[in-house]
Amino acid sequence: MPPATKRKRGEGQWALGYREPLNKNEENKKNDDGLNVRRRIIDIYSKAGFDSIDPADLRGRMRWYGLYTQRRPGIDGGKTGALPDEELDDRYFMMRVRIDGGQLDGPQLRAIADIATTYARGTADITDRQNIQYHWIRIEDVPAIWERLESVGLSTMEACGDTPRVVIGCPLAGIAEDEVIDATPQIAEVHERYVGSPEFSNLPRKFKTAMSGCTAHCTVHEINDVAFVGTVNAAGEAGYQVFAGGGLSTNPMFAKSLGVFVRPEQAHEVWKGVISIFRDYGYRRLRHRARIKFLMADWGPERFREVLEKEYLGYELPDGPEPAAPLPRRDHVGIHRQKDGNYYVGFAPRVGRVNGELLGVIADLAERYGSGRTRTTAEQKMVILDVPEEDTESLADALAEHDLQVRPSTFRRQTMACTGIEYCKLAIVETKQRAMDLVDELEKRLPDFEQPLTVNVNGCPNACARIQVADIGLKGQLVVDENGDQVEGFQIHLGGAVGASFGKKVRGLKTTSAGLTDYVERVVRRYDEQRRDGESFAAWT
Ligand code: SF4
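In what follows, the accompanying structure is described. Worth saying up front: this structure is predicted, and the values here are computed from it rather than measured.

Here's the deal with the environment of Lys-30
Within the element layout of this structure, Lys-30 appears in helix α1 (residues 24–31). Given 12 C-beta atoms within 10 Å, Lys-30 falls into the exposed group.

Here it is, written out as structure tokens:
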């Protein structure tokens, strides 16, 4: 047993004997495992309809299968938080499909496209954790959707909820010429052994994993609960460094290196050790402190490593190399060579918004020009694999016909947006359309701007679009316009960079949604005029 924590009393840590639920979420989880809701959805709710759903399932356990009620249309942002859940809830659901490692074969992408068209009014968004999200899902259709997904090896299990969420990975795992290690087998092992296991279906809150050997660090390991990052030890062996305790939202923190070297075959048990620490020692009393980052902040990485080795692994891990410095641009957009001599083609839909028809087109193109394999990225983008060199430009042209750009502007390439008020019950402002309009307008006003620059748009103070680590982070809130009226707008955070700095919130620095484009244009122009050679936006601010 490690030395006592500073706040051991009343934090609800199971390992310290606090097994009685200290809040409603914990009580609901104790009453019934979230995984059990699947049977009720199939046997009861999908047959008897929306009104038959037990409220504890509706607003709790259905998340264990990637289902949230979406926001009832027409409720403005001023009502967010002021109305009870029943009035905000629509009778339709958002459904999240987990795509571990972002890896899709032809039949899988086709299934995703067909489901969007048949059951989701065509909607489909690529999230910044490589998932696909649908909207307008009826409870009656959920069993058929699951059947279709499962027929191609996909599922919504633990896509949301207090569970091990999707394991993100480099979209080019096993493909990139310069990767340190292919993490695909480790991602598969974690998924097969632990996703859907009752051992980890009642965590204090969500648990996000990244596993990658990508030299571009495209899985943004610094902001995951646990991350395995490819490295080579002094003996020339490829394996992983492990980071834990990263997360954004309020109280953003970067993950800390545990200083270890993990061989590939050990990765799943080290992952199991870290998630077990979270399950047993995580703070369950207050939801906003129930992330592993708070435990890491109190313990520090040395103690965390000691508990991992002594209590969970039963052996010591060797020391690993020092972590590398953070990189400024981490995507896989463009045309690049694979290790087998073929090429991959990464392209940018606008802020991750696609639809069933477009996904069908992408599946066609992936089959015509490549092997059918595609990938989603952690930047809301996609990649088509296995294209012969001589076909890459024809594919780029074919994608461009559908507004999918292989050589996008900085703004198209690096702007992200969360779901926002269109569907999200927590949202205060519109995000997706606002961000798409912003990209279009900035492309017209600043056609020659080519520096790396991230613009991330959130509909509320949460962090689904990672505003704290954007060069320009926009946090949706109500603001007062020049007439004194409350309108949609944004608090501005400047100079964030993954792994390096959190954006600075300048007091009083806000814009209305209507004034957003002018504001961003002004800041970007000033940066472009004043920056020294090679100076990043974060350094300039
Ligand atoms: Fe909803 Fe807020 Fe997340 Fe956006 S950041 S999807 S508004 S919870």
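Thoughts on the nonpolar core
Judged by nonpolar contacts, the single largest core of 156 residues is most densely connected at Ile-112, Val-242, Ala-244 and Ile-384. Considering each element in turn, this core owes the most residues, eight residues, to helix α8 (residues 267–281). If we skip the residues at most four places from it in the chain, Ala-244 touches Asp-225, Val-226, Ala-255, Lys-256, Leu-258, Val-274, Ile-292, Met-296 and Phe-304.

Side note on the pairing of strand β7 (residues 207–212)
With five of its six residues buried, β7 lies for the most part within the structure. In terms of strand pairing, strand β6 (residues 164–168) meets β7 through three bridges, oriented parallel. Following the sheet pairing, Val-167 is matched in β7 by Thr-209. For β7 and strand β8 (residues 226–232), the ladder comprises four bridges, and the chain directions are parallel. Paired with Ala-210 across the strands is Ala-227, a residue of β8.

Some words on the sheet that holds strand β18 (residues 472–480)
In spatial order, the strands read β16-β17-β18-β19-β20; together these five strands make up an open sheet with mixed pairing. Each edge of the sheet is formed by a strand with only one pairing partner; in this case those strands are β16 (415–417) and β20 (504–512). Along the sheet, successive strands turn relative to each other by an average axial angle of 30°, direction set aside. Across five bridges, the pairing between strand β19 (residues 486–494) and β20 is antiparallel. Of the residues in β20, the one forming a bridge with Gln-491 is Lys-510. Those strands touched by helix α14 (residues 432–445) are β16 and β17 (455–458), and its axis lies near 165° from that of β16.

As for unusual backbone geometry
Located in the positive-phi region is Trp-136, a residue other than glycine, with phi close to 65°. Along the chain, the position of Trp-136 falls in strand β5 (residues 132–137). The class for Trp-136 is partly exposed, based on 18 C-beta atoms found within 10 Å. Its identity as a non-glycine residue notwithstanding, Arg-466 has a phi of 55°, on the positive side. Here Arg-466 lies in the loop between β17 and β18.

What to know about the packing of helix α5 (residues 106–119) against helix α6 (residues 142–151)
Between α5 and α6, whose axes approach to 10 Å, the crossing angle comes to 165°. Judged by the inter-axis angle, α5 sits roughly antiparallel to α6. Here α5 and α6 pass one another in a crossing that is right-handed. On α6, the residues that touch Ala-111, Asp-114, Ile-115 and Tyr-119 of α5 are Ile-145, Arg-148 and Leu-149. Split by residue class, the contact of α5 with α6 holds five nonpolar, no polar and two charged.

Examining the sheet that holds β5
One open sheet accounts for five strands, arranged β1-β2-β5-β4-β13; its pairing is antiparallel. This sheet does not close on itself; its edge strands, each paired only once, are β1 (67–71) and β13 (353–355). Between one strand and the next, the sheet's axes are offset by a mean angle of 35°, whatever the strand orientation. Pairing geometry for strand β4 (residues 123–126) and β5, over two bridges, is antiparallel.

What about helix α2 (residues 37–48)?
Val-37, Ile-41, Tyr-45 and Ser-46 are the residues of α2 that are buried. The buried side chains of α2 occupy one side of the element, clustering within an arc of 90° when seen end-on. Set apart from the buried face of α2 by more than 90 degrees, the exposed residues are Arg-39, Asp-43, Lys-47 and Ala-48. Where α2 is buried, its residues contact α3 (55–58) and α6. One or two positions beyond α2, positive phi appears at Gly-49, with a value near 95°.

Rules used in this analysis
- Residues numbered from 1 in each chain as written.
- Predicted model: local features only at pLDDT ≥ 70, side-chain atom pairs only at ≥ 80, totals over all residues.
- Helix = DSSP H or I, 4+ residues; strand = E, 2+ residues; numbered from the N terminus.
- Buried ≥ 20, exposed ≤ 12 C-beta atoms within 10 Å, placed from the backbone.
- Core = buried A, V, L, I, M, F, W, Y, C linked by C-beta atoms within 7 Å.
- Contact = placed C-beta atoms within 7 Å.
- Pairing = 2+ DSSP bridges.
- Axes fitted to C-alpha atoms, helices over the stretch in contact; angles between N-to-C directions.
- Parallel < 35°, antiparallel > 145°, perpendicular 65-115°, else oblique.
- Left-handed = near helix turned anticlockwise from the far one by under 90°.
- Nonpolar A, V, L, I, M, F, W, Y, C, P; charged D, E, K, R; others polar.
- Arc of directions from axis to C-beta.

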